[in-house]
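For reference, the chains in residue letters:
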Amino acid sequence: MNRNLSMELVRVTEAAALAAGQWMGRGKKEEADEAATQAMRDKFNSIQMKGTVVIGEGEMDEAPMLFIGEKLGTGTGSEIDIAVDPLEGTNIVAAGTSNALATIAVADRGNLLHAPDMYMEKIAVGPESVGKIDINAPVIKNLTAVANAKNKNIEDLVVAILDRERHEKMIQEIRDSGARIKLMQDGDVAAAINTAFDNTGVDIMLGSGGAPEGVLAATALKSLGGEFQGKLLPQTEEEKNRLKKMGILDFNKVLLMDDIVKGDDAYFVATGVTNGELLKGVQYKGNIGTTHSIVMRAKTGTVRFIEGQHSLINKNN
Ligand code: VTB
Ligand code: MG
Ligand code: MG
């Protein structure tokens, strides 16, 4: 892939964030999602590439979502795999809370996990804890390992986990270990990335969330030198059949970072929609929209923070 692709990709998430940010706090998550999706699709289609969505939200008939199998780009240039979440955190935007992102990951064709939109069990950590975690190990073991790796007491750790009933047991185990918790309403992509930045105050992310979000987080952590492990969690026979159709037969397989993102020619890009620990949300003033994005490439490990000022009247921005 051409390294200049990174700027093209930032335009895509910036456009989605600028569109979705208008819906902050209006209680309308579907409208926010649709605005992000449309903007993303439009911008993607102006990039010279042969892109295919391999994991995202929705399948074929669920328009206007960017569906799995959808072709994006001008149809000329390199063949690439795309993972998308035009608006990661629709409820976040509807409520105006923290950590909503417009986000995408791309890699050479065949290199991103192709899976249905279902739940995935996840564990994510930053660079210091690489090689110390195991998604199948008890919570206490992972937390002890991360505390040791980071030269912290277990009581000093902050574990990010989605506030869901399905996590009741895990939350109790975290509390029993003595570690502290950041319960999230949504936004596990941001939480996973946060583990790689000390100043965000998140040491590890645990629990299950969306599989597309898992692929996005894994690509980011590959670029950041962290670690991500996942396990797909089909809930029904129908979901198992969808997995089989996509060629995934061993449902219990631990998906290591290289199983989710093969090789290292991959990009992760996100633009903040609402304020988060790492990225600010979109700010509007008159005809100007200001965005904050992060762009990374696994191959080089370069991480760029990009602030954009966009004219909201010039439609060609
Ligand atoms: C998580 C969360 C996302 O979906 O992946 C979640 O991080 C998983 O689904 O922001 P449930 O809401 O059913 O737990 C989101 O909330 C939305 O994509
Ligand atoms: Mg979404
Ligand atoms: Mg999402």
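As the structure is a prediction and not an experimental result, all values here were calculated from the model.

1. Regarding the site of ligand 1
Reasoning step 1: Taken together, Glu88, Tyr119, Leu162, Arg164, Arg166, Asp186, Gly187, Asp188, Gly209, Gly210 and Glu213 make up the full set of residues adjacent to ligand 1.
Reasoning step 2: Side-chain polar atom of Arg164 to an oxygen atom of ligand 1: 2.7 Å apart, as the coordinates give it.
Reasoning step 3: At 2.4 Å, a side-chain N or O of Asp186 approaches an oxygen atom of ligand 1.
Reasoning step 4: Summarising the interface, the protein chains cover 80% of the accessible area of ligand 1, which totals 410 Å² for the free molecule.

2. As for the coordination of the magnesium ion (ligand 3)
Reasoning step 1: The protein atoms donating to the magnesium ion (ligand 3) are Asp85 (OD), Glu88 (OE) and Glu213 (OE), with metal-donor distances spanning 2.0 to 2.2 Å.
Reasoning step 2: Every donor residue of the magnesium ion (ligand 3) comes from the same chain, spaced as D-x2-E-x124-E.
Reasoning step 3: The two metals, the magnesium ion (ligand 3) and the magnesium ion (ligand 2), are separated by 3.7 Å and share Asp85 as a common coordinating residue. Taken as a pair, Glu88 in strand 3 (residues 79-88) and Glu213 in helix 7 (residues 211-224) lie far apart in primary sequence, 125 residues in all.
Reasoning step 4: Residue class for Glu213 comes out buried when judged on its relative accessible area of 10%.

3. Considering the environment of Thr13
Reasoning step 1: Position of Thr13 relative to the elements: it lies in helix 1 (residues 5-21).
Reasoning step 2: Overall, Thr13 belongs to the buried group, its relative accessible area being 0%.
Reasoning step 3: If near-sequence neighbours (up to four positions away) are discounted, Thr13 is found in contact with Met40, Ala102, Thr103, Ile104, Val269, Ala270 and Thr271.
Reasoning step 4: Reaching out from Thr13, the side chain makes a polar contact with the side chain of Thr271 at a distance of 2.7 Å.

4. Quick look at helix 7
Reasoning step 1: Between its terminal C-alpha atoms helix 7 stretches 20 Å, which fits the 20 Å expected from 14 residues at 1.5 Å a residue.
Reasoning step 2: Once helix 7 ends, the next one or two residues include Gly225, with phi positive near 75 degrees.

5. Section: the sheet that holds strand 7 (residues 180-184)
Reasoning step 1: Taking strand neighbours across the sheet as the criterion, the five strands line up as 7-6-8-5-9 in an open arrangement whose pairing is mixed. Edge strands, defined here as strands with exactly one partner in the open sheet, are strand 7 and strand 9 (227-233). Between one strand axis and the next, the sheet turns through 15 degrees on average, direction left out of account.
Reasoning step 2: Relative to strand 7, strand 6 (residues 158-162) runs parallel, the two being bridged by five bridges. Across the sheet, residue Val159 finds its bridge partner in strand 7, namely Ile181.
Reasoning step 3: Across the sheet, helix 4 (residues 139-149) touches strand 5 (119-125), strand 6 and strand 8 (204-210), and the angle it forms with strand 8 is around 135 degrees.
Reasoning step 4: This element, helix 5 (residues 168-177), spans strand 5, strand 6, strand 7 and strand 8 of the sheet and lies at about 155 degrees to strand 7.

The rules behind these values
Residue positions within a chain follow its written sequence, with the count starting from 1. By the order in which they are written, chains take letters starting at A while ligands take numbers starting at 1. Selection of residues for local features in this predicted model requires a pLDDT of at least 70, selection of side-chain atom pairs for listing and counting requires 80 or more, and totals for whole chains, interfaces and linings are taken over all residues. As a rule here, side-chain values cover all heavy atoms of the structure and leave hydrogens and water aside. The nearness test applies per residue and asks whether one of its heavy atoms lies within 4 Å of the molecule or strand. Polar contacts, as counted here, are pairs of nitrogen or oxygen atoms within 3.5 Å of one another; within protein the pair requires one atom able to donate a hydrogen and one able to accept it, and residues that are adjacent in sequence qualify only if both atoms are side-chain atoms. We get accessible surface area from the Shrake-Rupley algorithm with a probe of 1.4 Å; when it comes to residues, only the shown protein chains can shield them. Metal sites are built from N, O and S donor atoms within 2.8 Å, or 3.2 Å for Na, K and Ca, and they leave out water, so they may look incomplete. Helix numbers and strand numbers start at the N terminus; a helix is a DSSP run of H or I with at least 4 residues, a strand a run of E with at least 2. Only protein chains enter the calculation, and the probe is 1.4 Å; a residue is then buried if its accessible area is under 20% of its type maximum, exposed if over 50%, and partly exposed in between. Every residue pair with non-hydrogen atoms within 4.5 Å of one another is taken to be in contact. Residue count minus one, scaled by 1.5 Å, sets the expected span of a helix. Two strands form a pair only when DSSP identifies at least two bridges running between them. Lines fitted to C-alpha atoms define the axes here, with helix axes fitted over just the stretch in contact, and angles between the N-to-C directions of these axes take values from 0 to 180 degrees.

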